[in-house]
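Fold and geometry: a report
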Amino acid sequence: MMLFETIEKYDYEQIVFCHDKSSGLKAIIAIHDTTLGPALGGCRMWPYENEEEAINDALRLSRGMTYKNAAAGLNLGGGKTVIIGDPKKDKSEALFRALGRYVESLNGRYITAEDVGTTEDDMDIIFEETDYVVGLSESHQSSGNPSPKTSLGVFVSMKRAAKEAFGTDELDGKTVAVQGVGHVAYDLCRYLHEAGAKLVVTDINQEAIDRVLNDFNATSVGINDIYDVDADIFAPCALGGVLNDDTINRLKVKAVCGSANNQLQDIDKHGAQLEEKGIVYAPDFVANSGGVINVADELDGYNETRAISNIEKIYDQMDKVFEISKRDNITTARAAEILAEERIDQLMKVRSNFLKTERSIISRGKN
């Protein structure tokens, strides 16, 4: 890959390659943008097939965090760590402490957290070496597992999407087809069940399906049949890229809102296809930002009541997405990006103006 061409094209600020021979650490920290504040993004551990795949993932994910944090109204930029390794067999205290030292060396430019393949226990180990980590276990008076808070954010986003599609944000009596019922989606199903929604679910894990069937009176369908369900709302909560040429044509819903990242295989093409079908789309990086809002609250000393209050404001952020979509006659997918970009641009100008003033004062002082 042409690394510096990619960095220049998408305005990445910094990439750090981390290696520790004694622990076997091979990691990449990508910092995309710190206009709004320190870059915050999780630490992912995955058995990447090669180094290029790992670098691309770090770059893609860190840029996504810039948009997610900005759209969520956080004073934080976007970054990400990826560790090359199998989380089932390659973890060790030494590995995460070595990574903690690399995070510490960035002196607050980047704050890490848990992600795919890592846990709050792993963050506790990183905390032994640096204060620039959130998502710690509750033993540290921190927020613990962020999944329930991510679910809450998706739920309030779904209410706003329902209002756009049906004229009311009440979900009582609505049928929601949920693709994937892992940790985040389980709690989403709980919120939906309590709101009176009917659930149709699918997952590759039968045990996860059985849990939702038993707890929330749901029904289940096959993995590939979820797109054909006669429902009101489709909630993709598993893999990315599930909204594509094939699946969009099969959907029989009026709204899409879920927790999965990168749901649109092509943001422009498939965002437009959903709009053409009259399907309201709640952009994923706004809908699933509850987790990052929750862990970010730790930076001020974690207060769960305050964190929940801020997560519930995702409803208002989603409202802004729909406003921008109508204002600019663009898809909601693109409107979510505009929401983030406008906030970054505005604060960049503010900081630039003050920087000019400071330079002017310094210049006069020299004369």
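Before reading further, recall that the structure is shown in the block above.
The paragraphs below set out a description of the structure included in this document. (Residues numbered from 1 in each chain as written. Predicted model: local features only at pLDDT ≥ 70, side-chain atom pairs only at ≥ 80, totals over all residues. Heavy atoms only, no water.)

**A word on the side chain of Thr-130**
Stated precisely, the cut-off is as follows: The helix and strand labels rest on DSSP assignments: H or I over at least four residues marks a helix, E over at least two residues marks a strand, and numbering proceeds from the N terminus. Residue burial is assigned from relative accessible area. The probe radius is 1.4 Å, only protein chains are included, and a residue is buried under 20% of its type maximum, exposed over 50%, and partly exposed in between. Identification of polar contacts relies on pairs of N or O atoms within 3.5 Å, with a donor-acceptor requirement for protein atoms, meaning one able to donate a hydrogen and the other able to accept it, and with residues adjacent in sequence counted only if both atoms are side-chain atoms. Two residues form a contact once any of their heavy atoms are found within 4.5 Å.
With respect to the helices, strands and loops of the structure, Thr-130 is situated in the loop between helix 4 (120-126) and helix 5 (147-166). For Thr-130, a relative accessible area of 2% corresponds to the buried category. Among the polar contacts listed, one links the side chain of Thr-130 to the side chain of Glu-104, at a separation of 2.7 Å. The contacts of Thr-130, once residues within four sequence positions are left out, are Gly-100, Val-103 and Glu-104.

**Points about the sheet that holds strand 10 (residues 233-236)**
As a reminder of what qualifies: A pair of strands is considered paired only if DSSP assigns at least 2 bridges between the two. Only the stretch in contact is used when a helix axis is fitted, and all axes are lines through C-alpha atoms; the angle between N-to-C directions ranges over 0 to 180 degrees.
Read from one edge to the other, the open sheet built from six strands follows the order 9-8-7-10-11-12, with strand pairing classed as parallel. Of all strands in the sheet, those bounded by a partner on one side alone are strand 9 (219-220) and strand 12 (280-281). Pairing between strand 8 (residues 198-202) and strand 9: two bridges, direction parallel. Each residue of the ladder has a partner; that of Val-200, found in strand 9, is Thr-219. In this fold helix 7 (residues 206-216) packs onto strand 8 and strand 9, with an angle of close to 170° to the strand it touches most, strand 8.

**Thoughts on the packing of aromatic side chains**
Filter applied, for reference: Planes of paired rings set the category: under 30 degrees apart is stacked, over 60 is edge-to-face and the rest tilted, where pairs are Phe, Tyr or Trp rings (Trp by its six-membered ring) whose centres lie within 6.5 Å.
Here the structure, examined in full by the defined rule, presents four aromatic pairs. Seen from their ring centres, Phe-155 and Tyr-191 are 5.3 Å apart, and the 20° between their planes marks the pair as stacked. One end of the pair, Phe-155, is in helix 5; the other, Tyr-191, is in helix 6 (residues 183-194), and 36 residues separate them in sequence. Comparing Phe-155 with Tyr-191 shows no difference in burial state: the two are buried. For the ring pair Tyr-186 and Phe-216, a centre distance of 5.0 Å and an interplane angle of 45° mean the geometry is tilted.

**A word on the pattern of salt bridges**
Heads up, the rule is: Whenever Lys or Arg places a side-chain nitrogen within 4 Å of a carboxyl oxygen from Asp or Glu, that contact is recorded as a salt bridge.
Considering all chains together, one arrives at 24 salt bridges under this definition. Of the charged contacts, one joins Asp-297 and Arg-306 as a salt bridge, the two residues approaching to 2.7 Å between their closest N and O atoms. A salt bridge links Arg-327 to Glu-342, with the nearest nitrogen and oxygen atoms 2.8 Å apart. Here Arg-327, found in helix 13 (residues 314-328), pairs with Glu-342, found in helix 14 (residues 332-366); they are 15 residues apart in sequence, far enough to count as distant. Here the salt bridges do not stand alone but share partners, grouping Arg-44, Asp-57, Arg-60, Lys-80 and Asp-115 into one network.

**What to know about the pairing of strand 2 (residues 25-33)**
By the criterion of burial, strand 2 is predominantly enclosed, with eight of the nine residues buried. Here seven bridges tie strand 1 (residues 14-20) to strand 2, and the two strands are oriented antiparallel to one another. From the neighbouring strand, His-19 faces strand 2, where its bridge partner is Lys-26. As consecutive antiparallel partners, strand 1 and strand 2 are separated by four residues, and within that stretch Gly-24 has a phi angle of approximately 85°, a positive value. Where strand 2 meets strand 5 (residues 77-84), six bridges bridge the pair, whose relative direction is antiparallel. By the bridge assignment for strand 5, Ile-28 is matched with Val-82.

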